[in-house]
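Geometric and topological summary
Below are the chains, spelled out letter by letter.
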Amino acid sequence: MEKILTKNIETENSHRISVYMESGGYEAWRKVVREMSPEEVVETVKDSGLRGRGGAGFPAGVKWSFVPKVDKPKYLVCNADESEPGTFKDRLLLENDPHMMLEGIAIASYAIKANTAFVYIRGEFANQAVLLNEAIQEMKEKGYLGKNILSSGYDLEILVTRGAGAYICGEETALLTSLEGKRGYPKIKPPFPAVEGYLHSPTIVNNVETLCCVPHIINNGPDWFKSIGTEKSSGPKLYCLSGHVRNPGVYELPMGVPLRELIFEHAGGILHNRKLKAVIPGGSSTPVLKESEIDINMDFDSVAAAGSMLGSAGIIVMDENTDMVDACYNLSKFYAHETCGQCTPCREGVPWMKTILGRITNGRGRGRDIDLLLDICKSIEKRTICPFGDAAVAPVKSYIEKFREEFDYYIEYKKSLISQNAKSLDAVN
Amino acid sequence: MPDTFSTEAKAELKKLMDSYPDRMSAVMNALHLTQREFGYISYEALEALSKEMDLPVQQLEDTASFYTMYFKEPVGENVIWVCHTLPCALRGSANVFEYLKDKLEIDAGETTNDNRFTLMKAECLASCGSAPMMQVNDDYFEDLTEEKIDKILGKFY
C-alpha cells in the first residue's frame, strides 16, 4: 500500500509548513473553508466510514453529527495523550507531520462549527508541544488560522495543553476535566461530551491518527478511503509492534491486515528465532491472544470476534520464554499506579490485584489466590464510572484464563514454570 | 529557589490566562511553568501562582497533587525516568534500571549527593518500539545499551 499517513515522515524538515505544502498540504483545508458547508464535511467523513483510531472505533463523522444545534460555543479536542502501553504511533505523527494533524483539526473544527480547538498532549511530550506551537504559528502566518480565515468569515484558534503524567487523561471525559484545570477524574456518560463536554459545551474528542485521516478523505473522496481496508473498517492504519520482534516499530498498512503477517513479515518475526507464545493485539488493556489464536485480521470486528479488541493497535509480542504471571504482574503495577481513585472498586481492587500477583511471583502465593483474583475482577468489572476498571481487569482475567497452568505452578512450586532462575522481567539477565 | 515569578514568567502566565476561554483552563500549562520557575511545586510556589491567577491556592493544590509530573518535593538538576512497563520490560528495562542504580548509587525516587540526578521509574512513555528507553528531562533516549547510557549521562557533567 502506498503510504498515506506516514508519507512525509522520512522527508527532511517534514514538520515545517513549507515541506508539508509541497506535498499538497492544506489543499483540503482551503477547499473546505472556501467551497464546502460544515454539513457537507460531516457527510463526507461519514461516507468514508472513518472509525476512531484511539481505541473505541466509533465512526468519526457520526460522532460529529451528534453535536446539537444549540447556542453555545462548540469545541474540538485532539486527544494526543498517547499512553496506552504498547502504543507509540501518535508520537510519530506529532514529531514528523504536525501539520497533517493540524489540518485535520481545522477541518473537524469547521465541521462542528467550533471556533476553539485544543490539543491535549501528554506531559512527557514537552518537545513535541514546542514543535506544535511553532507549527500553529506557521499556520497563522499563512492565514490558515485566526480571524476570518481565507476571507471565509470563519474564525479558529488552536491551543496546546500539556498533561502531566496521568494515564487516565486519555479517557475523554477525564481529559476534558483535566483540560478544565482540575484533577483528571472521568465523568459518567451520558451526557456524552458531544452534548456536554468542555465547560458544559458540546465537545468532540478525536484521536491524532483519526484527525490525520481527515485531510486525505477531503482530497481523495470517501470512496477512495473506503477502497482501503475492509468493508467495516476502512482506511489506512498505523500498527505499533513492540516486544519480542526483530524489527519493532510503526507500520502503516490497510485496516484488516493479518496479525501473523504483521508479526512475521513486517516486524521480521520473533527475536532470537524463538517461538511465539502470546500477543496483546491492541494495547495492554486488551485481552491477550495465544499463538494458536493469532490467525485473525486486524480490523475492529475481526479482533472483537476473536474475543479481544483492535484498540489502539498496540501489538505487544511475547516469546516462549516469557513468564506470563510476571507479565501480568507488570501490567497490574501499571494499572495500580494509574487508577484515579474515584470509584471504590477500582481504587481498592486494582492495587489489591497487584499485591496478590506480587506475592505469587515472589513464591509466596496462596492456594486460593487465583479464585480471589477472579473474584476481584468480577467486583471491578462494569462497576466503575469509566472503562479503566475493565481495562485493568482484562489482562488479569485473560492471562489466567489462557495461561492458568503457569499461575497454578507458581502457587504450588513457589517458582516460575517458565524461567526457572528467577522472575524473568525483573531479573538481570 | 525564587519566591516569586520572574517578570518574564508573569507575562507568560498573563498570556496563557488570556488565551483560554476561562482562567482555570490555563492551570495545567501554568503548573508546568511554575515548576520550571521554582524547580518543584512547593506550597510557596502554589501561593505565588494563586496570586498571579487569582485562583484559590487549595484549588491549585487539588489539581497539582493529582499528576506525577508536578514534583511535590525538590528534585536533582536532571530527572531520569526509566520506563518499566511491559513492552520495555520485555526488552530489558530492568537491566537499564539496575545499571543506572549501580552507576549513580541511588534507588528510585532518590537524588545523587551532588544533586545532579534524580532517578525515577516511569510508567509507559509511548516509546515501546525503541525499548528499552528512558527520558532525561524533556528528551527521550531510546534503544538503550550500557555504552549508550554512559555517553548520555556524560553529557550532563
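Residues numbered from 1 in each chain as written. Chains lettered and ligands numbered in written order. Predicted model: local features only at pLDDT ≥ 70, side-chain atom pairs only at ≥ 80, totals over all residues. Heavy atoms only, no water.

Looking now at the overall build of chain A. Broken down by element type, chain A carries 17 helices and 11 strands. In terms of C-alpha radius of gyration, chain A reaches 22 Å, essentially the compact-globule figure of 22 Å for 429 residues. Seen through its principal axes, chain A has C-alpha atoms that stretch 75 × 45 × 35 Å. The proportion of buried residues among the 429 residues of chain A is 63%. (Helix = DSSP H or I, 4+ residues; strand = E, 2+ residues; numbered from the N terminus. Rg over C-alpha atoms; globule rule 2.2 N^0.38 Å. Buried < 20%, exposed > 50% of the residue type's maximum accessible area, 1.4 Å probe, protein only.)

Residues and elements named next belong to chain B. In space, the 4 strands of this open sheet follow the order S2-S1-S3-S4, with mixed pairing throughout. What marks the edges here is a single partner per strand, and that holds for strand S2 (117-122) and strand S4 (139-141). Pairwise comparison of adjacent strand axes, ignoring direction, gives a mean angle of 25° for this sheet. Sheet topology places strand S1 (residues 78-83) next to S2; 6 bridges connect them, and they run parallel. What sits directly across from Val-82, in S2, is Lys-121. Of the strands in this sheet, S1, S2 and strand S3 (134-136) are in contact with helix H6 (residues 93-104), which crosses S1 at around 150°. (Pairing = 2+ DSSP bridges. Axes fitted to C-alpha atoms, helices over the stretch in contact; angles between N-to-C directions. Contact = heavy atoms within 4.5 Å.)

This paragraph deals with the interface of chain A and chain B. Taken together, the 64 residues of chain A in the interface contact 41 residues of chain B. Taking both sides of the interface into account, the surface hidden between chain A and chain B amounts to around 4000 Å²; carbon and sulfur atoms contribute 58%. At the surface where chain A touches chain B, the tally comes to 2 salt bridges. Note that Asp62(B) is salt-bridged to Arg183(A), the shortest N-O span being 3.6 Å. For the pair chain A and chain B, the interface holds 27 residue pairs in polar contact (both at pLDDT 80 or more). Listing elements by their share of the side of chain A that touches chain B, those giving two or more residues are strand S2 (116-121), helix H7 (126-141), strand S3 (157-162), helix H8 (172-179), strand S5 (236-243), strand S11 (314-319) and helix H13 (324-338) of chain A. The element best represented in the side of chain A that touches chain B is H13(A), accounting for 7 residues. (Buried area = accessible area lost by both parts, 1.4 Å probe. Salt bridge = Lys/Arg side-chain N within 4 Å of Asp/Glu carboxyl O. Polar contact = N/O pair within 3.5 Å; in protein donor to acceptor, adjacent residues only side chain to side chain.)

Residue and element names in this part refer to chain A. Domain parsing of chain A yields domain 1 (17-226), domain 2 (236-317) and domain 3 (324-413). Across the contact, 10 residues belong to domain 2 and 11 residues belong to domain 3. For the domain 2 and domain 3 pair, buried surface summed over both sides reaches about 920 Å², with 60% attributable to carbon and sulfur atoms. Looking at the side of domain 2 facing domain 3, the largest losses of area belong to Lys-277, Ser-284 and Val-288, adding up to 50% of the total buried there. Linking domain 2 with domain 3 are 2 salt bridges. The interface formed by domain 2 and domain 3 contains 7 residue pairs in polar contact (both at pLDDT 80 or more). Taken together, the elements giving at least two residues each to the side of domain 2 that touches domain 3 come down to strand S8 (276-280) and strand S9 (289-290). Tallying contributions element by element places S8 first for the side of domain 2 that touches domain 3, with 3 residues. Considered class by class, the residues forming the side of domain 2 that touches domain 3 number 5 nonpolar, 2 polar and 3 charged. (Domains from an automatic or database assignment. Nonpolar A, V, L, I, M, F, W, Y, C, P; charged D, E, K, R; others polar.)

Moving on, we get to the domain arrangement of chain B. Partitioning chain B into domains gives domain 1 (7-64) and domain 2 (78-154). The C-alpha-based centres of domain 1 of chain B and domain 2 of chain B are spaced at 30 Å.

Moving on, we get to the nonpolar core. By size, the foremost hydrophobic cluster in this structure holds 90 residues, and its most contacted members are Ile168(A), Met318(A), Tyr335(A), Tyr399(A), Tyr67(B) and Leu86(B). For this core, the element with the most residues is H13(A), which contributes 9 residues. When near neighbours in sequence (up to four residues on either side) are disregarded, Met318(A) contacts His244(A), Leu276(A), Lys277(A), Ala278(A), Ile280(A), Val288(A), Met324(A), Ala327(A), Tyr399(A), Leu86(B) and Leu90(B). (Core = buried A, V, L, I, M, F, W, Y, C linked by side-chain atoms within 4.5 Å.)

Quick look at the sheet that holds S5(A) now. Residue and element names in this part refer to chain A. Strand order in the open sheet formed by 5 strands is S6-S5-S11-S8-S9, and the pairing between neighbours is mixed. In this open sheet, the two edge strands, each paired with only one partner strand, are strand S6 (249-254) and S9. Alignment of S8 against S9, held across 2 bridges, turns out to be antiparallel. Looking at S9, one finds that Val-279 is bridged to Leu-289.

Under the defined criterion, the tally for this structure stands at 33 salt bridges over all chains. With a shortest N-O distance of 3.8 Å, Lys101(B) and Asp107(B) are connected by a salt bridge. Its relative accessible area of 25% is what places Lys101(B) among the partly exposed residues. For Asp107(B), a relative accessible area of 32% translates into the label partly exposed. Each member of the salt-bridge network shares a partner with another, and the members are Lys89(A), Asp90(A), Glu209(A) and Lys237(A).

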